[in-house]
Structures are given as C-alpha cells and as structure tokens.
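# Understanding the architecture of this molecule
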Amino acid sequence: GFVPVMIQDIATQGYSVLTGALFPAVLAVSGATVAVWIKTRNHDLKKIAGPATISAFLAGITEPAIYGVVLRLKKPFVYSLIGGAVGGAIAASGGSAAEGFVLPGAITLTSTLTIGSFALQVTGCAVAIALAFTLTMTLGFKDLPNPEPVAGAATEPAEALVVTAP
C-alpha cells in the first residue's frame, strides 16, 4: 500500500523517507530466518531457511523467508516484527531515506548514503537483525517435526537400483 506513496515521494522530492525505516524491517526477517536455520531440527525447513536467509539479506526478497519459514512458526515472525520496529525507529530517527526505488537489502543499502544519517541507518539495520536473531535463538519456537518415512518406500538411492531385462 505504501509503494505508490514512495514512488510519488521519489518523483517529487528525489527520495522517500518511508524506505529508511523499511530497510531494517526487511533485514530483521533475515535475522530471524538464520536463527531458525541454525536451531531447527527439521530437515525440510533447513533446506528452505538457508537460501531464504540469503535472498532476504542480500536482495530484500523476503517472501521465501516469510511464507516458507517464519510465518509458519509464528514466534520468529513476531520476533522479526519487534526487531524491525526497533531498527526502523533508529533509522527513521536519523531521517534516512533512499534516493531511488530499490528493494531494501544489503546490496542496495548504499541508496541511503546521502539522505539523513547513514550511520543511524546502518545501526538500525544491525539492531534489527541482531534483535530478531537473538529473540529467535533465546525465546525459541515450536519446531516442525520431521516427516515420517513412508512404509514400504525404497531406502536405497534410485541410482543404486538396477533393472535387468528378462
């Protein structure tokens, strides 16, 4: 819902202050997701959490992290909201803003260099990641159980099975 407002701000002012607080909020999701990746014992969840952390942190693409990991577990999602709110408040207090319409991630953080306090922007992002990570690691979450093996399923790898003609 804020995208049209951000685009209008960029078109009229050359920057959008809404994006300054958005960076820590997005990066907090990566902090909670990496904590889930470290802490979970569910093999399938680990396979999702690792790549989801990378895409959320670097590129700001949080959909795999949100829908595949933290929202499924509920508590890490709440922890990422808390971290994002605290970090976003720190970044917003410095008047940070992006000069262009970018996805908020680590590789686009430089778009906030010249507007407001870049030091508070980076501090807000670091606090958001650390807080979401720490809350997820210390307060935890209810882990998903590993799926039960299917009865009668082959336990050998498929390439080890050899079929011969009669």
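Attention here is on the structure that accompanies the text. Here the structure is a predicted model, which means the values were calculated and not measured.

This paragraph deals with unusual backbone geometry. At K74, a position not held by glycine, the phi torsion is positive, near 65°. Relative to the assigned elements, K74 resides in the loop between α4 (63–73) and α5 (75–93).

Here the focus is helix α6 (residues 118–139). With 22 residues, α6 ought to run about 32 Å at 1.5 Å a step, and its terminal C-alpha atoms sit 31 Å apart, in line with that. Q121, G124, C125, A128, A132, L135 and T136 are the residues of α6 that are buried. Buried residues of α6 fall within an arc of 115° about the axis and therefore sit on the same side. Along α6, exposed side chains directed more than 90 degrees from the buried face belong to A119 and T138. Looking at the buried positions of α6, the neighbouring elements they touch are α2 (18–39) and α5. Two residues or fewer after α6 comes G140, characterised by a positive phi angle close to 70°.

Each α-helix winds once per 3.6 residues, and so residues spaced three or four apart point in a common direction. With 19 residues, α5 should reach 27 Å at 1.5 Å per residue; the first-to-last C-alpha distance of 27 Å fits that figure. Within the span of α5, buried status applies to P76, Y79, S80, G83, G84, G87, G88 and A91. Along α5, the residues classed as buried sweep out an arc of 160° about the axis, all on the same side. Projecting away from the buried face of α5 at angles above 90 degrees are the exposed residues A85 and S93. Buried residues in α5 make contact with α2, α4 and α6. Directly beyond the C-terminal end of α5, a positive phi value near 70° is found at G95.

Reading the values: the criteria
Residue numbers restart at each chain and count upward from 1, following the sequence in its written direction. Owing to the predicted nature of the model, reporting of local features is limited to residues with pLDDT of at least 70; listing and counting of side-chain atom pairs is limited to 80 or more, with chain, interface and lining totals taken over all residues. In computing side-chain properties, one takes all heavy atoms of the structure into account and sets aside hydrogens as well as water. What counts as a helix is a DSSP run of H or I of at least four residues, what counts as a strand is a run of E of at least two, and both are numbered from the N terminus. What a helix is expected to span follows from its residue count: subtract one and scale by 1.5 Å. Buried residues are those whose accessible area, probed at 1.4 Å on protein chains only, stays under 20% of the maximum for their type, while exposed residues exceed 50% and partly exposed ones sit between those limits. It is the directions from the helix axis to the C-beta atoms that the arc portrays. Here a residue-residue contact requires only that any non-hydrogen atoms of the pair lie within 4.5 Å.

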